[in-house]
Amino acid sequence: MTRKNIINNIIPAIVVELMFLIYNLADTFFIAQTNDPLQVAAVSLASPAFMILGAVGVMFMVGGLSCISRALGAGKKDYANNIASFSIWSGALFGFLMAGVLMFFMSKIVYSIGASKDTFKFTYDYLSIVVCSTPATIVAMSCSGIMRAENHPSGAMLGQIIGNFINIILDPIMILYFDWGITGAAIATVIGNLSGMIFYLGYFLSGRSQMKISPRYMKFTPEIFYIGIPACLDPVLMSVSQMILNSLMSAYGDMAVAANGVAMRIEHIAIILAMGTGQGVQPVLGFFVGAKGWKEYKDVLKFALKFACSLSLIVIVTCFIFANEIARIFLIEPVAFNYAVDFVRIFLISSMFFSIFFIFINALQAMGAGRASFILSISRQCLIYVPAMLILNYFYGAYGLIIALPVAESISLLQTYFVYGKVIFNPALLTEHF
């Protein structure tokens, strides 16, 4: 496979990540135009809970993508159809169940993520509406993974762009024109998610896909969970760690919480290239694993690491230099603004570590190394990041909470490199059920 073909898979994935970032920034930007920092803080508080909504979607998307790409590489078309059908239909069921559970416990969830008496109503209203689109979000993500696995990355990109673009267009209308504030942002999100799902289902029902998603092809395929659960755990645990971060940060005031949310969104700009690169090459790596083309696999991985690190470094340096200008777009309140600039520059230190880490995680998922992915997901968030937050918060306060991220990412990268070396030299650690 030529570098041009690899880049053709990477670019759509990067565009999707970029659109998702723009959508998140648009929410924060237009809510900030209400000149109410409490609503900005509420969006920051809701962010980790919102990530959990997509975590089940990640499970079906990544699990399905890994299994389908390896099955196609091994020439197992029927098994690939079983996986595709199972990921969509069971994903929809999980979505409805998850939405019901979250709605039932919504008040407790809002308090647990660090909402104060001033931000509770805003956070509750936002999450209560967004939860309604959970089934659509999971189905759309499952469909996206299938399309990428069958080498149709541009179609996968288009579906997510449509959903995010509609959301962005509706944001100023519903937040500012109708004066619905954060509630308008939530409604725009629901409509955007439904639009993306409709596009994907239209693609599969039109017969353009080589995969079959009819219920009659559905067959329980546990390998999706072997790979998908560790992939799902990463955003879940990341959300939990962010909830802990917000809860600890709330001790320093709502302005610190708002600044933290803005800083995390700006930091996401720096890691977006690595995330897109890792997701873009994962189906390519999986195909070569299924076809036993280990030389090609290693060549693709080396190229992905060089590509992601080179471009990420450019973005990191740019964001570091223009941190003041970028932060001022979202926050004008002096205390929140000063916090945000400092937080951004500290977060950026961790971005290069994360870039390399994410490429290796996608490589492990492509190989079907479910156990290794599980260990790394648990360790990175629970055993490294959370303890680092608690310790550094004790000694350095709000800034200690932010410093914890680069400390944790550097340790996690060393662990990941060691685990990846163990897996690549021991094929018995891989799952291969087709």
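Overview of the structure.

**Concerning the overall build of the protein chain**
In terms of regular secondary structure, the protein chain is built from 14 helices and zero strands. Starting at the N terminus, the α and β elements of the protein chain follow one another as α-α-α-α-α-α-α-α-α-α-α-α-α-α. What you see for the protein chain is a C-alpha radius of gyration of 21 Å, in line with the 22 Å of a compact globule of 434 residues. A total of 434 residues make up the protein chain; the buried ones form 62% of that total. Excluding contacts between residues fewer than 6 apart, the proportion of contacts in the protein chain whose partners are at least 24 apart in sequence is 84%. Summed over all atoms, the accessible surface of the protein chain reaches about 17300 Å², with 70% contributed by carbon and sulfur. In the protein chain, the 24 positive side-chain charges and the 20 negative ones have mean positions that sit 14 Å from each other.

**Things to note about a positive patch on the surface**
A cluster of basic side chains, namely Arg 3, Lys 298, Lys 302 and Lys 306, defines a positive patch on the protein surface. Here the element with the most residues in the positive patch is helix H11 (residues 294–321); it accounts for three residues. Structurally, Lys 298 is set in helix H11. Overall, the relative accessible area of 41% leaves Lys 298 in the partly exposed class.

**Details of the packing of aromatic side chains**
According to the stated counting rule, one finds 25 aromatic pairs in the structure shown. Arranged with centres 6.2 Å apart and planes meeting at 40°, the rings of Phe 354 and Phe 357 form a pair that is tilted. Here the residue Phe 354 and the residue Phe 357 both occupy positions in helix H13 (residues 334–367), the gap between them amounting to three residues, near one helical turn. Among the residues examined, Phe 354 registers a relative accessible area of 5% and is labelled buried. Aromatic ring contacts, followed pair by pair, group Phe 60, Phe 86, Phe 94, Phe 220 and Phe 225 into a single cluster. The lysine or arginine in question, Arg 345, covers the ring of Phe 320, its NZ or CZ lying 5.4 Å from the ring centre.

**Observations concerning the pattern of salt bridges**
Pairing between side chains becomes possible if they bear opposite charge and their charged atoms approach one another. Taken as a whole and assessed by the stated rule, the structure comprises four salt bridges. Glu 223 is paired through a salt bridge with Arg 70; the nearest N and O atoms lie 2.9 Å apart. Placement of Glu 223 in helix H9 (residues 223–249) and of Arg 70 in helix H2 (residues 37–73) is noted, with a sequence separation of 153 residues between them. Assigned by exposure class, Glu 223 and Arg 70 land together as buried. In this structure, Lys 121 engages Asp 125 in a salt bridge whose closest nitrogen and oxygen atoms are separated by 2.7 Å. With a gap of four residues between them, Lys 121 and Asp 125 both fall in helix H5 (residues 120–130), about one helical turn apart. The exposure class of Lys 121 is exposed, given its relative accessible area of 57%.

**Thoughts on a nonpolar patch on the surface**
Taken together, the side chains of Phe 165, Ile 169, Ile 173, Tyr 177, Phe 178 and Trp 180 define a hydrophobic patch exposed on the protein surface, amounting to about 650 Å² of accessible area. Judged by its relative accessible area of 48%, Phe 165 falls in the partly exposed class.

**Focus on the environment of Met 51**
Summarising the element assignment, Met 51 is placed in helix H2. What makes Met 51 partly exposed here is its relative accessible area of 23%. Remark: the alpha-carbon pair of Met 51 and Ala 32, spanning 19 residues in sequence, is separated by 21 Å. What Met 51 contacts, discounting residues up to four positions off in sequence, is Pro 235, Met 238, Ser 239 and Gln 242.

**Some points on the side chain of Ser 66**
Its place among the elements puts Ser 66 in helix H2. Among the polar contacts listed, one links the side chain of Ser 66 to the backbone oxygen of Gln 365, at a separation of 2.7 Å.

**Describing the packing of helix H1 (residues 3–32) against helix H8 (residues 182–205)**
Between H1 and H8, the least distance of the axes is 10 Å, while the angle of their chain directions is 155°. Between H1 and H8, the angle falls in the class roughly antiparallel. Relative to H8, the crossing made by H1 is right-handed. Contacts between H1 and H8 pair Tyr 23, Asp 27 and Ile 31 from the former with Ile 182, Ala 185 and Thr 189 from the latter.

**Structural notes on H5**
Those residues of H5 that sit buried are Phe 120, Thr 123, Asp 125, Tyr 126, Leu 127, Ser 128 and Val 130. Buried residues along H5 sit against H1, H2, helix H3 (77–104), helix H4 (106–112), helix H6 (134–149) and H8.

The rules behind these values
- Residues numbered from 1 in each chain as written.
- Predicted model: local features only at pLDDT ≥ 70, side-chain atom pairs only at ≥ 80, totals over all residues.
- Heavy atoms only, no water.
- Helix = DSSP H or I, 4+ residues; strand = E, 2+ residues; numbered from the N terminus.
- Rg over C-alpha atoms; globule rule 2.2 N^0.38 Å.
- Buried < 20%, exposed > 50% of the residue type's maximum accessible area, 1.4 Å probe, protein only.
- Contact = heavy atoms within 4.5 Å.
- Areas by Shrake-Rupley, 256 points an atom, 1.4 Å probe, with all protein chains shown as cover.
- Lys, Arg positive; Asp, Glu negative; His and termini not counted.
- Charge placed at Lys NZ, Arg CZ, Asp CG, Glu CD.
- Patch = residues over 30% accessible without salt bridge, like charges linked within 9 Å, V, L, I, M, F, W, Y side chains within 5 Å.
- Salt bridge = Lys/Arg side-chain N within 4 Å of Asp/Glu carboxyl O.
- Phe/Tyr/Trp six-rings, centres within 6.5 Å; stacked < 30°, edge-to-face > 60°.
- Lys NZ or Arg CZ within 6 Å of the ring centre and 35° of its normal.
- Polar contact = N/O pair within 3.5 Å; in protein donor to acceptor, adjacent residues only side chain to side chain.
- Axes fitted to C-alpha atoms, helices over the stretch in contact; angles between N-to-C directions.
- Parallel < 35°, antiparallel > 145°, perpendicular 65-115°, else oblique.
- Left-handed = near helix turned anticlockwise from the far one by under 90°.

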